[in-house]
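Survey of secondary and tertiary structure
Each chain, letter by letter, is given below.
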Amino acid sequence: MVDATTKSYAHLANNTHSSWWRDPGLRSNCFRIVIMYTGKHSSFLYSLGFDGSLLTGLQALTPWARDFHHPAGNSLGIIAMSYYLPKIPTSIFLPYLADKYGRKPLLYAAGFFMLVGAIVGGTSHGRGQLIGSRVLLGVGTAAGQLAASAMVPEIAHPRLRHLAGSYFNTTYFTGSIFAAWLTFAMIYYPNKSSSWAWRVPTFIQGFGPLLLAVGTYLVPESPRWLVKQGRSEEAHQILAKYHANGKMDDPLVLFELKEIEAAIETEKLNNTASWSVFTSTAGGRRRVGIILLLAMAAQWAGSGIVSFYLTPVLRQVGITKPAQTNGINGGLAIWSWICALTGASLVEKFGRRPLFITSMAGMLVCFSIMAGVAGSYAHTKHRATGLAIVPILFLFNAFYAIALTPIPSMYIPEIAPLSMRAKCVTIYIFFSNVAQTFNQWKIPSLICLPSITALAKITWKYYFVYIALQIVYLACFVLFLRETKGLTTEEASVVYDPDNTKEAILEAELKIKQAAEAAMMDKESVGSVQHVDRDLSEKA
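These numbers were taken from a predicted model, which means no experiment stands behind them. (Residues numbered from 1 in each chain as written. Predicted model: local features only at pLDDT ≥ 70, side-chain atom pairs only at ≥ 80, totals over all residues. Heavy atoms only, no water.)

**So, the overall build of the protein**
Along the protein, the regular secondary structure elements total 29 helices and 0 strands. Looking at the protein alone, contacts between residues at least 24 apart form 81% of all its contacts between residues at least 6 apart. Surface accessibility of the protein: about 22,500 Å² in total, with carbon and sulfur atoms responsible for 67%. (Helix = DSSP H or I, 4+ residues; strand = E, 2+ residues; numbered from the N terminus. Contact = heavy atoms within 4.5 Å. Areas by Shrake-Rupley, 256 points an atom, 1.4 Å probe, with all protein chains shown as cover.)

Shown next, in the form of structure tokens:
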């Protein structure tokens, strides 16, 4: 199925083959997108996935538990939380750095912080140093998260932009799979009491940042940022190279360049870009509510327990051997990646809202069964009962991955007009980081329960906390989420605005766009006159 964005460019001639794999320019474009996925321009996703599986796998390694004095409860929660806590303040000021200095410098900085964090973590001799290393990793991944999420759609060919966006978050699992099976292999390290059993995978966490440094050198700067800095010629060359095999007068490339220039002018002229629009208008308030709902659902629906505290979860049902725990961890990572890729490919066929609802309903059923299985094992200690939780964990991850992994990163920008789009993404990242931090440990005076502390104190009964949350999320999805499938960019951007204001908002956006195009035309006219004057003076 062709998405609305692709349709809007379909009438334009383009010097590319209809199949991207048969076109050198599009292959080069895809290669650089893949760099952002795996070697990570979105290295933050590699690092996030690696860290989630790494922390789970390390908990099953005896040398790691010994060297850090068997962390559990609050102490384990602090170790997990230290990765997410620095993301809260950094997500506030990093957007300004990205706009001022560009995407690439931020990506270099991300790689530096993550690499140093991996080195500090691999040389740790106490909990304090370990926590410090995770803080550095958190700062680096926050910078990479912002820059990469902006970079992918800005360099992707219009025909590939939708797929590039929907597959973006699925690359979380490349790091997750790598870390899960690496820690599984370290169970069989020759010297089973050696600290190198956990130091080796911790050092290897620096592999992603190294790829990030190479990838950042190979990938061009964002054309949009270049235009905003008055460097339109450089942006033109980049668009021509990757979107039209170097043809500078390609109709699609010229249209994209004009579109970017008009968008920049629109931002300058649009007076609704203030943060106050999110509280002063009904549409703004609804968008904040939806963003908060998706951020909380992605982090506070039980996935945190499965990702970071799989070892304690399995221990509660009698699965205690390191090989069993890390084998399940590795299997879950591969399975989740397959499900996330499947979900990303189904977005345009079934729509965003049906996938969100199916995802949450399935997670609710799975967690209800998990609570029953864990409670039954707690009373009977029957091994077969405890083992029954394993296939339920796989089903839970499948329902989570089909929607909450691939869709939010594309849905959030869709539901906002151009003047609010970047701010909506910033709000989502901020809320997600806050939710992730609180999910790992408790902040005094807040009512949220820390996952690992609650698991230690009330064991399997803690599942009911998430069951209650899942019921709330499911009801909110049914009542409040709105579909954007098949809508144009403009139509999707106003789905949360009141009916009596949609037409006015679209008309205002159109007027601003026309004013921007007129301002752009004036600049071109001035440039043309100056060019003619220059030619005449040279001839004279």
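**A closer look at empty space enclosed by the protein**
All told, the structure shown has 3 cavities of 30 Å³ or more when counted by the stated rule. Looking at the largest cavity, its volume works out to about 110 Å³. Considering the residues around the largest cavity, the lining is formed by 15 residues, among which Leu54, Leu58, Leu130, Arg134 and Thr202 are closest to the centre. Of all the elements in the fold, those that place two or more residues in the lining of the largest cavity are α3 (43-59), α7 (103-122), α8 (127-155) and α11 (196-204). The residue makeup of the lining of the largest cavity, split by class, is 8 nonpolar, 5 polar and 2 charged. Roughly 60 Å³ of volume is contained in the second largest cavity. Taken together, Ser91, Leu94, Pro95, Ala142, Gln145, Leu146, Thr426, Ile429 and Asn433 form the lining of the second largest cavity. Counting residues per element, the ones that place at least two in the lining of the second largest cavity are α6 (87-101), α8 and α25 (418-440). (1 Å grid on protein atoms, 1.4 Å probe; cavity = no way out; pocket = protein on both sides within 12 Å on 5 of 7 lines; lining within 4 Å. Points joined across faces, edges and corners; volume = space filled by probe spheres on them. Nonpolar A, V, L, I, M, F, W, Y, C, P; charged D, E, K, R; others polar.)

**Details of the environment of lysine 87**
Secondary-structure assignment places lysine 87 in helix α6. Spatially, the C-alpha atoms of lysine 87 and phenylalanine 430 are 7.7 Å apart, while their sequence positions differ by 343 residues.

**Some words on the packing of aromatic side chains**
Per the stated rule, a full pass over the model turns up 14 aromatic pairs. Between phenylalanine 367 and tyrosine 466, the ring centres sit 5.9 Å apart and the planes meet at 70°, which makes this aromatic pair edge-to-face. Separated by 99 residues along the polypeptide, phenylalanine 367 in helix α21 (residues 352-380) and tyrosine 466 in helix α27 (residues 463-480) bring together distant segments of the chain. Here phenylalanine 367 and tyrosine 466 have matching classes, each one buried. (Phe/Tyr/Trp six-rings, centres within 6.5 Å; stacked < 30°, edge-to-face > 60°. Buried < 20%, exposed > 50% of the residue type's maximum accessible area, 1.4 Å probe, protein only.)

**What about helix α10 (residues 172-186)?**
Here α10 spans 22 Å end to end across 15 residues, near enough to the 21 Å set by a 1.5 Å rise per residue. Burial runs high along α10: 11 of the 15 residues are buried. Taken as a whole, α10 has its buried residues at Tyr172, Phe173, Thr174, Gly175, Ser176, Ile177, Ala179, Ala180, Leu182, Thr183 and Met186. (Expected span 1.5 Å × (residues − 1).)

**Focus: the side chain of glutamate 261**
Note on placement: glutamate 261 falls in helix α15 (residues 251-269). Although buried, glutamate 261 forms no salt bridge, and the nearest oppositely charged side chain, lysine 258, lies 4.2 Å from it. At a separation of 3.4 Å, a polar atom in the side chain of glutamate 261 contacts the side chain of serine 232. (Lys, Arg positive; Asp, Glu negative; His and termini not counted. Salt bridge = Lys/Arg side-chain N within 4 Å of Asp/Glu carboxyl O. Polar contact = N/O pair within 3.5 Å; in protein donor to acceptor, adjacent residues only side chain to side chain.)

**Describing the nonpolar core**
Formed by 68 residues in total, the largest nonpolar core has its most connected members in Ile290, Leu294, Phe356, Met360, Tyr411 and Phe477. If one sorts the elements of this core by residue count, α21 sits on top with 12 residues. Each residue touching phenylalanine 477, except ones within four places of it in the same chain, is listed here: Leu293, Leu294, Ala297, Arg353, Phe356, Ile357 and Met360. Within the second largest apolar cluster, 16 residues are counted, among which are Phe50, Leu54, Leu130 and Ile187. (Core = buried A, V, L, I, M, F, W, Y, C linked by side-chain atoms within 4.5 Å.)

**So, a nonpolar patch on the surface**
Together, Phe31, Tyr108, Val214, Tyr217 and Leu218 make up a nonpolar patch on the protein surface, roughly 530 Å² of accessible area in all. Counting residues per element, the nonpolar patch draws most heavily on helix α12 (residues 207-218), at 3 residues. Checked against the element boundaries, tyrosine 108 lands in helix α7. (Patch = residues over 30% accessible without salt bridge, like charges linked within 9 Å, V, L, I, M, F, W, Y side chains within 5 Å.)

**Notes on helix α14 (residues 232-243)**
Between the first and last C-alpha of α14 there are 16 Å, a value that for 12 residues agrees with the 16 Å anticipated at 1.5 Å per step. Those residues of α14 that fall on the buried side of the exposure criterion are Ala235, His236, Ile238, Leu239, Ala240, Tyr242 and His243.

**Observations concerning the packing of helix α17 (residues 282-299) against α27**
Two numbers describe how α17 lies on α27: the axes approach to 11 Å, and their chain directions differ by 145°. Considering how the two elements wind past one another, α17 and α27 form a crossing that is left-handed. The segment α17 lies against α27, with Ile290, Leu293, Leu294, Met296 and Ala297 engaging Tyr473, Cys476, Phe477 and Phe480. (Axes fitted to C-alpha atoms, helices over the stretch in contact; angles between N-to-C directions. Left-handed = near helix turned anticlockwise from the far one by under 90°.)

**Notes on the confidence of the model for the protein**
Per-residue pLDDT for the protein averages 80, and the proportion of residues at 70 or more is 80%. Predicted confidence is poor over residues 39-44, with pLDDT under 50, and the contacts of this stretch with residues over four places away or in other chains come to 36 contacts. Under a pLDDT of 50 for its full length, residues 442-452 has, in the predicted model, 24 contacts with residues more than four places off or in other chains. (pLDDT = per-residue confidence, 0-100.)

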